[in-house]
Amino acid sequence: MKLSAKCILSISLFVTLVLGISFTWIIKRQDYLLKEETGLIYYHFAPTDYFTTPLILINKLGEKREIDLDATEFFLQKKAVVTFEYLDRCLALNQIDKANDALKKLLEFTIALYCQGIVMVDLQLMSNFGFIDDLPARIDIEHIEFKKSWKTDHKEHLKSQVEYFREWILQNHAPLLESFDTVSKDLFLKT
Ligand SMILES: Nc1ncnc2c1ncn2[C@@H]1O[C@H](COP(=O)(O)OP(=O)(O)OP(=O)(O)O)[C@@H](O)[C@H]1O
Ligand SMILES: [Mg+2]
């Protein structure tokens, strides 16, 4: 084989390798969108010209606001039942086991996100999380970022945030506290 042919072959192998690695990296980056975990349906980050009509939002007081979707950055997420509302509903129906199970799932879900390096500075388990089809989801996605070091450096933060949540359960849903304490102790021992 001539030298120039070898050169072309190795250049094209190199290009294929780089493209392959970049493509895999992009696919992997897609995981960080946490589509399932946040109930994400659609996002719009850059200006476009394909939304033909503006979106009209009407609040509870009947006030209207017109949104130009092409010019606006937005996320579209599934509707969740926010944690405090979910627990209220369970307790109103005397579904204590369901409420306890929801708290267990919520803690497991949160710990799994922390262990993947997902930083949620303001955890607020009662209002920044909810349940979609009885499964936990993080609804506040504005305040999420990824930090590799967080996979191991999150423990103190997680502990203090869960302690804050525990206080809230004590104040608002005391019948769930005993099970919550057992579950959180068990989960913290495993992490
Ligand atoms: N996907 C959703 N399903 C149901 N309710 C939602 C959803 N997203 C937001 N909400 C409601 O809006 C509230 C505020 O949403 P979010 O936490 O994303 O915004 P925020 O600007 O961070 O507000 P805050 O400072 O109160 O946390 C939630 O606590 C919840 O009541
Ligand atoms: Mg929030």
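Placed above this text is the structure.
Just so you know, these numbers come straight off a predicted model, no measurement behind them.

### Quick notes on the packing of helix 3 (residues 83-92) against helix 4 (residues 96-115)
The contact between helix 3 and helix 4 brings their axes to 9 Å, and the two run at 155°. Considering their axes alone, helix 3 and helix 4 lie roughly antiparallel with respect to each other. Where helix 3 abuts helix 4, its residues T83, Y86, L87, C90 and L91 lie against K98, A99, A102 and L106.

### Here's the deal with the site of ligand 1
Near ligand 1, the surroundings consist of G39, Q77, K79, A80, V82, S127, N128, G130, I139, D140 and E142. Grouping the amino acids of the shell around ligand 1 by side-chain chemistry returns three nonpolar, five polar and three charged.

### Details of the nonpolar core
Nonpolar side chains in soluble globular proteins tend to end up buried together. Counting 24 residues, the largest nonpolar core has A99, A102, L103, L106 and L125 as the members making the most contacts within it. At the level of elements, helix 3, helix 4, strand 6 (118-120), strand 7 (129-132) and helix 6 (155-172) are the ones that each hand at least two residues to this core. If one sorts the elements of this core by residue count, helix 4 sits on top with seven residues. Sequence-distant contacts of A102, defined by excluding residues within four places in its chain, comprise Y86, L87, C90 and F131.

### What about the pairing of strand 7?
Two strands pair when backbone bridges link them, and strand 5 (residues 81-82) and strand 7 are joined in this way by two bridges, in the antiparallel orientation. Opposite V81, over in strand 7, you have F131 as the bridge partner. Across four bridges, the pairing between strand 7 and strand 8 (residues 135-138) is antiparallel. Considered in strand 8, the bridge of F131 is made with P136.

### Observations concerning the environment of I132
Relative to the assigned elements, I132 resides in strand 7. I132 sits in the partly exposed class, given 17 other C-beta atoms within 10 Å. Measuring from C-alpha to C-alpha, the distance between I132 and V82 comes to 9.0 Å, with 50 residues separating the pair along the chain.

### A look at the sheet that holds strand 7
In space, the three strands of this open sheet follow the order 5-7-8, with antiparallel pairing throughout. Across the chains shown, the open sheet's two edge strands, defined by having one partner strand only, are strand 5 and strand 8. Packing against the sheet, helix 4 makes contact with strand 7 and strand 8, and its axis sits at approximately 45° to strand 8.

What counts and how
Each chain carries its own residue numbering, running from 1 in the written order of its sequence. Lettering of chains starts at A and numbering of ligands starts at 1, both following the order in which they are written. Reporting of local features is limited, given that this is a predicted model, to residues whose pLDDT is at least 70; pairs of side-chain atoms are given and counted only at 80 or more, and all residues count toward the totals for whole chains, interfaces and linings. Only the stretch in contact is used when fitting a helix axis, every axis being a line fitted to C-alpha atoms; angles between N-to-C directions are given from 0 to 180 degrees. Labels follow the DSSP assignment, with helices taken as runs of H or I lasting at least four residues and strands as runs of E lasting at least two, numbered in each case from the N terminus. An angle below 35 degrees is read as roughly parallel, one above 145 as roughly antiparallel, one from 65 to 115 as roughly perpendicular, and any other as oblique. Here the contact rule is simple: place C-beta atoms from the backbone, and any two residues whose C-beta atoms are within 7 Å are in contact. For each residue, a C-beta position is placed from the backbone atoms; the residue is near a molecule or strand when that point lies within 6 Å of it. Amino acid classes used here: Ala, Val, Leu, Ile, Met, Phe, Trp, Tyr, Cys and Pro are nonpolar; Asp, Glu, Lys and Arg are charged; the rest, including Gly, are polar. Nonpolar cores are built from buried Ala, Val, Leu, Ile, Met, Phe, Trp, Tyr and Cys residues. These are joined into a set through C-beta atoms within 7 Å. Remark: C-beta atoms are placed from the backbone, and a residue is labelled buried if 20 or more other C-beta atoms sit within 10 Å of its own, exposed if 12 or fewer do, or partly exposed between those counts. Between any two strands, at least two bridges found by DSSP are needed for them to pair.

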